Amino acid sequence: MHYGGKIIIGIVIFVGLLLSPFVFNVGKAYKQPELKLPANEKKCVESLEFMRTKHMQLLNEWRDWALRDGKRVYVNHEGKEFEISLQNTCMKCHKSKADFCDKCHNDAGVSPYCWDCHIQPEGLK
Amino acid sequence: MKNNRRSFIKLAGLAAAGLCVAPKATLASGGGHSPVKAGPKAEHAKRWAMVIDTRKVHTEEDIKVLQHACHSVHNVPDIPTKQNIKWLWSAPYEECFPEQQNPHLDDDVKGRSYMLLCNHCENPPCVRVCPTKATFKRPDGIVVMDYHRCIGCRYCMAACPYGSRSFNFGEPRDYLDLTKLNTDFPTRMRGVVEKCNFCVERLAKGLQPACVEASDGAIVFGDLADKDSEVRKVLRENFTIRRKPTAGTEPSVYYII
């Protein structure tokens, strides 16, 4: 085998790198991020399950309803009404982007671009 | 039933008809309930329009006040270069009305500064050229942008005959006073075009546009389609012109001369 030694060393390094995340995390139990939930509000716009799995779809729909259709009041499944606004509705209860949004987003490795334009409740620096 | 070609075609036809009707039927069975509606205080119109009385607002200082009202509400940065962002600005007569330049024009009219903003055209060329439909015309005539969709191609800037659009060459937040932002309204980001939105977010709450509110009656805003509205009354009683009529865009912003 030509260059056998080099090839085998290469494969060993490659497999090592490939498995390094698993080796690095072995024995550590996954800990769910701990969110800071609003203190004085128990119910979100929709149910907890829905918000957990579908908040991105809801935000997309909210954007189109408010901006394109000019309908800025959302009526939820219980008939309660909310102003359609990320800055003025969502973030009025969830008073901290760092303690709420970022916790899961960082954990899941996603970086939505909401805050490139929208102003987080902590303010800008 | 005998399984022959005839019965198969019948069944296929029936299934196709069902597929056409099904979406409508499910919608109807849901009671046609829509989870959204307009706010209780929202202002409605068939066609929003603005009339600017240039006999009352005609100096740089007058327009600066209105510009400040607009730009502070919408978090528009002030960039001290050619890359400045403007929703509302001022220009002399020859820039504002290049097609209406008679020789020996009235010194008073020629000497005024004119307030400029997006004209919210009836036939907006910016909407026609936008490849992503980030710019669109609402049913009430307001030409607005969805900044989420803008890819920064700047076709709209080339198409607009009035120079009403500005491009964010850099990060606009670098030029904003971050302690004085209006936290009810977003900023923009690098790489999108922006312009006046006739204060749709204020109309949705029953408020008049920021410049109208700051103008002390010199600017009238209302429904052009309603013949009893104040804009129609002002248009009836005064001589008005619009910018670049030959462009055929039918602006909604009128100037009392």
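Bear in mind that the values here come from a model prediction, so they are computed numbers and not experimental data.

## So, the overall build of chain B
Okay, step 1: Helix and strand counts for chain B stand at nine helices and eleven strands.
Okay, step 2: Principal axes of the C-alpha set define a box for chain B whose edges measure 95 × 45 × 35 Å.
Okay, step 3: When burial is assessed residue by residue, chain B has 36% of its 257 residues classed as buried.

## Some details on the pairing of strand β2 (residues 48-53) of chain B
Residue and element names in this part refer to chain B.
Okay, step 1: Judged by how many residues are buried, β2 sits mostly within the fold: five of six residues are covered.
Okay, step 2: Sheet analysis places β2 next to strand β9 (residues 219-223), joined by five bridges and oriented antiparallel. Across the sheet, residue Val51 finds its bridge partner in β9, namely Val220.
Okay, step 3: Here β2 runs beside strand β11 (residues 253-256); their pairing, made up of four bridges, is parallel.

## With respect to the nonpolar core
Okay, step 1: Formed by 54 residues in total, the largest nonpolar core has its most connected members in Ile52, Leu88, Met115, Leu117 and Ile219 of chain B.
Okay, step 2: The biggest single contributor to this core is β2 of chain B, with five residues.
Okay, step 3: Setting aside its immediate chain neighbours within four residues, Met115 of chain B contacts Ile52, Val57, Ile63, Leu66, Leu88 and Ser90 of chain B.
Okay, step 4: Ranked by size, the runner-up nonpolar core spans five residues in total, among them Trp62, Ala66, Tyr74 and Ile84 of chain A.

## Section: the interface of chain A and chain B
Okay, step 1: Taken residue by residue, the interface counts 18 residues in chain A and 20 residues in chain B.
Okay, step 2: Looking at the side of chain A that touches chain B, the elements with two or more residues in it are α2 (48-67), β1 (73-75), α3 (86-93) and α5 (114-117) of chain A.
Okay, step 3: For the side of chain A that touches chain B, the per-class residue count stands at eight nonpolar, four polar and six charged.
Okay, step 4: Across two bridges, β1 of chain A lies against strand β1 (residues 36-37) of chain B in antiparallel orientation. Directly across from Tyr74 of chain A, in β1 of chain B, lies its bridge partner Val36 of chain B.

## Focus on α2 of chain A
Residues and elements named next belong to chain A.
Okay, step 1: The largest bend in α2 comes to about 80 degrees, at Lys54.
Okay, step 2: The set of residues buried in α2 consists of Trp62, Ala66 and Leu67.
Okay, step 3: Elements that come into contact with the buried residues of α2 comprise β1.

## Side note on unusual backbone geometry
Residues and elements named next belong to chain B.
Okay, step 1: With a phi angle near 60 degrees, His104 is a residue other than glycine that sits in the positive phi range.
Okay, step 2: Inspection of the secondary structure puts His104 in the loop between α3 (93-96) and α4 (107-111).
Okay, step 3: His104 sits in the exposed class, given 6 other C-beta atoms within 10 Å.
Okay, step 4: In this model, Glu250 sits at a positive phi of 55 degrees, which is unusual for a non-glycine residue.

## Re the confidence of the model for chain B
Okay, step 1: Per-residue confidence for chain B averages 93 on the pLDDT scale, and 95% of its residues sit at or above 70.
Okay, step 2: Interface scoring of the predicted complex returns ipTM 0.83; its pTM is 0.85.

## As for the sheet that holds β11 of chain B
All names here are of chain B.
Okay, step 1: Here we have four strands laid out as an open sheet, ordered β9-β2-β11-β10, and mixed in their pairing. Each having just a single partner strand, β9 and β10 (240-241) make up the two edges of the open sheet.
Okay, step 2: Against the sheet, helix α9 (residues 230-237) makes contact with β2, β9, β10 and β11, and its axis sits at roughly 120 degrees relative to β9, the strand it touches most.

## Considering the confidence of the model for chain A
Okay, step 1: Residues at a pLDDT of 70 or more form 100% of chain A, whose mean pLDDT is 93.
Okay, step 2: Of all the helices and strands in chain A, helix α1 (residues 4-25) of chain A carries the lowest mean pLDDT, 93, while α5 of chain A carries the highest, 96.

Criteria and cut-off values
Residues numbered from 1 in each chain as written. Chains lettered and ligands numbered in written order. Predicted model: local features only at pLDDT ≥ 70, side-chain atom pairs only at ≥ 80, totals over all residues. Helix = DSSP H or I, 4+ residues; strand = E, 2+ residues; numbered from the N terminus. Buried ≥ 20, exposed ≤ 12 C-beta atoms within 10 Å, placed from the backbone. Pairing = 2+ DSSP bridges. Core = buried A, V, L, I, M, F, W, Y, C linked by C-beta atoms within 7 Å. Contact = placed C-beta atoms within 7 Å. Nonpolar A, V, L, I, M, F, W, Y, C, P; charged D, E, K, R; others polar. Bend = angle between axes of the 7 residues up to and from the residue. pLDDT = per-residue confidence, 0-100. Axes fitted to C-alpha atoms, helices over the stretch in contact; angles between N-to-C directions.

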